[in-house]
Amino acid sequence: MRPGRLRHTWAATAAGALLVLTATTGLSTAAAQPMTARLSADRSAAQEQALQVLELKSSVAGLTAPTTARPGPTTFRVSTTDPASGWISLVRPKPGVTFESFRSSILKIINAVGPDIVEGSAEMRQKAELLGGTVIHPNLPASFTRTLTPGTYWFFDYRNIRDANPRHSVIQVSGTVRTGTAPAPTATLTGQMVDGRPRWNLNGTVQAGRPILFRNAMPDGQFIEAIFFRLADDVTEEDVQAYVNDFGDTGAFPDYTGPLDLEQGTGGLPMDSGETSLLELTLQPGRYVVVDFFSDAKDGSSLIKRGHWKIFEVK
């Protein structure tokens with residue numbers, strides 16, 4: 001429940017309780033005040049349990065994002081009205097690192113050139129922590145939840161990271177810790193290495209309208225993402241495998257349209273190994289495939305081509 005709605009609901013409850021007390025028991029307004037005080041105290045406690053929610057909005061004019069927040073569990077609600085934007089990521093830079101320096105390393109990582117990927121990945125470990133985010137479209141808003149600690153963070157949009165003036169903003173986290181309880185996920189998606197090969201492990205059932213916990217259990221230094229694409233009814237696992245086979249060895253996309261609608265993917269953006277993000281996505285019942293377009297930080301090899309994709313059912 002959002003804080004504004006919470007305040008309204010509790011205010012109405014307090015007023016209603018006061019009216020009932022005075023009308024049915026004959027108590028004076030003064031006598032009824034202790035009940036109002038208790039309701040006010042309960043309201044404050046409930047507000048403390050409400051998760052901190054921050055709105056991020058992208059449009060043709062740019063990225064609108066909050067500049068301050070309190071520490072604690074935080075849900076980022078992300079939406080866009082611009083079809084050319086919508087890969088909004090959260091980053092925690094290390095002291096003294098500029099956004100331009102960070103961007104130079106990201107550009108190397110997302111290049112389909114093996115040596116650049118290895119170099120950029122090594123640089124990133126010294127420059128910033130990648131904390132995830134989410135992929136959105138005008139018809140596919142999404143949310144992700146992370147626990148913030150005091151310090152400086154950046155938001156940026158992967159979609160225009162190559163532009164002269166890429167969309168990004170700064171948020172400062174300080175103050176008393178905000179408590180709150182995130183909604184429980186119905187499934188946990190974990191990226192991990194199994195016998196030297198990248199694999200997805202999916203526990204639980206992915207349900208439309210319910211959160212998914214996305215975990216990076218890869219070796220130290222390996223970034224991964226989890227992007228979900230709905231599959232047409234006639235698409236087979238062999239069709240997906242054939243498309244994956246046509247990716248370049250270091251991640252270059254095939255030069256034709258395959259079974260993945262690249263303009264309608266949604267999911268979790270790159271995170272450092274050991275990180276976890278709670279995703280609330282606009283998924284519908286049906287078949288999906290989750291893929292990882294990132295490459296191996298050690299040799300630049302394409303993770304999707306090495307098997308980091310999985311077909312599953314949304315109930």
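A.B. asks: Any chance you could explain the pattern of salt bridges here in plain terms?
C.D. replies: Between side chains of opposite charge, a pair can form when the charged atoms approach closely. On inspection of all chains with the given rule, the structure shows nine salt bridges. Here E55 ties to R77 by a salt bridge, and the two come within 3.6 Å at their closest N and O atoms. A residue pair is termed long-range when its members are at least 10 positions apart, and E55 in strand β1 (residues 52-59) and R77 in strand β4 (residues 72-80) qualify at 22 residues. A salt bridge links E100 to R103, with the nearest nitrogen and oxygen atoms 3.3 Å apart. One end of the pair is E100 and the other is R103, both in helix α3 (residues 99-109) and three residues apart, which spans about a single turn. Overall, the relative accessible area of 47% leaves E100 in the partly exposed class. By relative accessible area, R103 is classed as buried at 9%. Look at the salt bridges and you will find they share partners, linking K108, E119, E123 and K127 into a network.

A.B. asks: Quick question: what am I supposed to make of the packing of aromatic side chains here?
C.D. replies: The description of an aromatic ring pair uses the distance of the two centres, along with the angle that the planes make with each other. One pass over the structure, following the stated rule, counts 17 aromatic pairs. Taking 4.9 Å as the distance between ring centres and 55° as the angle between the ring planes, the aromatic pair formed by F247 and F253 counts as tilted. Overall, the relative accessible area of 2% leaves F247 in the buried class. A relative accessible area of 41% means that F253 is categorised as partly exposed. A ring pair is formed by F247 and F293, whose centres lie 6.1 Å apart and whose planes are at 20°; its orientation type is stacked.

A.B. asks: Honestly, unusual backbone geometry in this entry has me stumped. Any pointers?
C.D. replies: One can expect most non-glycine residues to show negative phi and most peptide bonds to be in trans. Here the phi dihedral of D195 falls at roughly 55°; this positive angle occurs in a residue that is not glycine. Position of D195 relative to the elements: it lies in the loop between β10 (187-194) and β11 (197-204).

A.B. asks: How do you make sense of the packing of α3 against helix α4 (residues 114-127) when you look at a structure like this?
C.D. replies: In a packed pair of helices, the relevant descriptors are the angle between the two axes and the axis-to-axis distance. Where α3 meets α4, the closest approach of the two axes is 7 Å, and the angle between their N-to-C directions is 145°. As for how α3 packs across α4, the hand of that crossing is left-handed. When α3 is examined against α4, the residues S101, F102, S104, S105, I106, K108 and I109 are found in contact with a partner set consisting of D116, I117, E119, G120, S121, E123, M124 and K127. Across the contact of α3 with α4, the residue classes tally to five nonpolar, five polar and five charged.

A.B. asks: Sorry if this is basic, but what is going on with α3 here?
C.D. replies: Owing to its 3.6 residues per turn, the α-helix aligns residues three or four sequence positions apart on the same side. Taken together, the buried positions of α3 are F99, F102, R103, S105, I106 and I109. The buried side chains of α3 occupy one side of the element, clustering within an arc of 165° when seen end-on.

A.B. asks: Can you help me understand the pairing of β11 in this one?
C.D. replies: For a regular strand, side-chain orientation follows a simple rule: the groups alternate between the two sheet faces. Here eight bridges tie β10 to β11, and the two strands are oriented antiparallel to one another. By the bridge assignment, T190 is partnered in β11 with N201. Between β10 and β11, which follow one another and run antiparallel, lie two residues, and D195 among them has a positive phi close to 55°.

A.B. asks: Explain α4 to me, please; I cannot follow it from the model alone.
C.D. replies: Under the 1.5 Å per step criterion, the end-to-end length of α4 is 20 Å for 14 residues, consistent within 8% with the ideal 20 Å. Along α4, the positions that sit buried rather than exposed are G114, I117, G120, S121, M124 and K127. The arc that holds the buried residues of α4, viewed along the axis, is 150°, so those residues lie on one side. Facing away from the buried surface of α4 by more than 90 degrees, the exposed residues are P115 and Q126. At its buried positions, α4 is contacted by β5 (87-93), α3 and β6 (128-135).

Reading the values: rules and limits
The written sequence of each chain sets the order in which its residues are numbered from 1. Where totals are concerned, whole chains, interfaces and linings use all residues; where local detail is concerned, this predicted model gives features only for residues with pLDDT of at least 70, and gives and counts side-chain atom pairs only at 80 or more. Values shown for side chains rest on all heavy atoms present in the structure; no hydrogens or waters enter the calculation. Take a side-chain nitrogen of Lys or Arg and a carboxyl oxygen of Asp or Glu: if they are within 4 Å of each other, that pair is a salt bridge. Helix numbering and strand numbering both begin at the N terminus, where a helix is a DSSP run of H or I of at least 4 residues and a strand a DSSP run of E of at least 2. Throughout this description, buried means an accessible area under 20% of the type-specific maximum (1.4 Å probe, protein chains only), exposed means over 50%, and partly exposed covers the range between. Side-chain rings of Phe, Tyr and Trp (the six-membered ring for Trp) are treated as a pair once their centres are within 6.5 Å; stacked means planes under 30 degrees apart, edge-to-face means over 60, and tilted covers the remaining angles. Fitted lines through C-alpha atoms serve as axes, helices being fitted only where they are in contact, and the angles separating the N-to-C directions of these axes extend from 0 to 180 degrees. In this scheme the handedness of a crossing depends on how the near helix is turned from the far one: anticlockwise by less than a right angle means left-handed, clockwise means right-handed. We call two residues in contact when some of their heavy atoms are within 4.5 Å. When residues are sorted by character, Ala, Val, Leu, Ile, Met, Phe, Trp, Tyr, Cys and Pro go into the nonpolar class, Asp, Glu, Lys and Arg into the charged class, and all the rest, Gly among them, into the polar class. Starting at the helix axis, one direction is taken to each C-beta atom, and the arc is that of these directions. In short, DSSP must find at least two bridges between two strands for them to pair. Helix span is expected to be 1.5 Å times the residue number reduced by one.

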